[in-house]
Amino acid sequence: MTKDKLLEYLNCGREIEFKFNEKMFSITQGILEGKHVFSFCEFNKETTEAENPEDVLEIERDGATVISMIQSISDNDIWIY
């Protein structure tokens, strides 16, 4: 998936789940302390928040950024809600 397509999904309120290195991750959206945030996490682990979609794509986990994870996997391992 391209970065532009991913940003398009996030900017219109979609949520993303994906599988990377046999682990499941998600990008969700919500309100935290009165601010709209994007949250990234491995399933059932601590979340990391960002204020905009560009910043959430630069979060690093397992030695890779979110955008590099997503760009390295098959579209069959990405679910858009």
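Our structure's up above, just so we're on the same page.
Residues numbered from 1 in each chain as written. Predicted model: local features only at pLDDT ≥ 70, side-chain atom pairs only at ≥ 80, totals over all residues. Heavy atoms only, no water.

A. Seen up close, the overall build of the protein. Along the protein, the regular secondary structure elements total three helices and seven strands. Across the protein, helices and strands are ordered from the amino to the carboxyl terminus as α-β-β-β-β-α-β-β-α-β. By the compact-globule yardstick of 12 Å for 81 residues, the protein fits well, its C-alpha radius of gyration being 12 Å. Going through the 81 residues of the protein one by one, you find that 38% of them count as buried. Long-range contacts, defined here as pairs at least 24 residues apart, represent 42% of the contacts in the protein between residues at least 6 apart. With an accessible surface of roughly 4800 Å², the protein has 43% of that area assigned to carbon and sulfur atoms. Computed over 8 positive and 17 negative side-chain charges, the separation of the two mean positions in the protein equals 3 Å. (Helix = DSSP H or I, 4+ residues; strand = E, 2+ residues; numbered from the N terminus. Rg over C-alpha atoms; globule rule 2.2 N^0.38 Å. Buried < 20%, exposed > 50% of the residue type's maximum accessible area, 1.4 Å probe, protein only. Contact = heavy atoms within 4.5 Å. Areas by Shrake-Rupley, 256 points an atom, 1.4 Å probe, with all protein chains shown as cover. Lys, Arg positive; Asp, Glu negative; His and termini not counted. Charge placed at Lys NZ, Arg CZ, Asp CG, Glu CD.)

B. Inspection of the pattern of salt bridges at higher detail. Applying the stated rule across the entire model yields four salt bridges. For Glu8, the salt bridge identified is with Lys5, shortest N-O distance 3.4 Å. One end of the pair, Glu8, and the other, Lys5, are both in helix H1 (residues 3-11), three residues apart, so they sit about a helical turn from each other. What makes Glu8 partly exposed here is its relative accessible area of 43%. As a salt-bridge pair, Lys35 and Glu51 come within 3.7 Å of each other at their nearest N and O atoms. Residue Lys35 is found in strand S3 (residues 35-42), and its partner Glu51 is found in the loop between strand S4 (48-50) and helix H2 (53-57); the two are separated by 16 residues along the sequence. Judged by its relative accessible area of 54%, Glu51 is exposed. (Salt bridge = Lys/Arg side-chain N within 4 Å of Asp/Glu carboxyl O.)

C. Local environment of unusual backbone geometry. A positive phi is found at Glu33, a non-glycine position, where the angle reads about 55°. Relative to the elements of secondary structure, Glu33 occurs in the loop between strand S2 (23-32) and S3. Here Glu33 falls in the exposed class, since its relative accessible area comes to 81%. Positive phi is not limited to glycine here, since Asn44 has a value of about 65°. Following the sequence through the fold, Asn44 ends up in the loop between S3 and S4.

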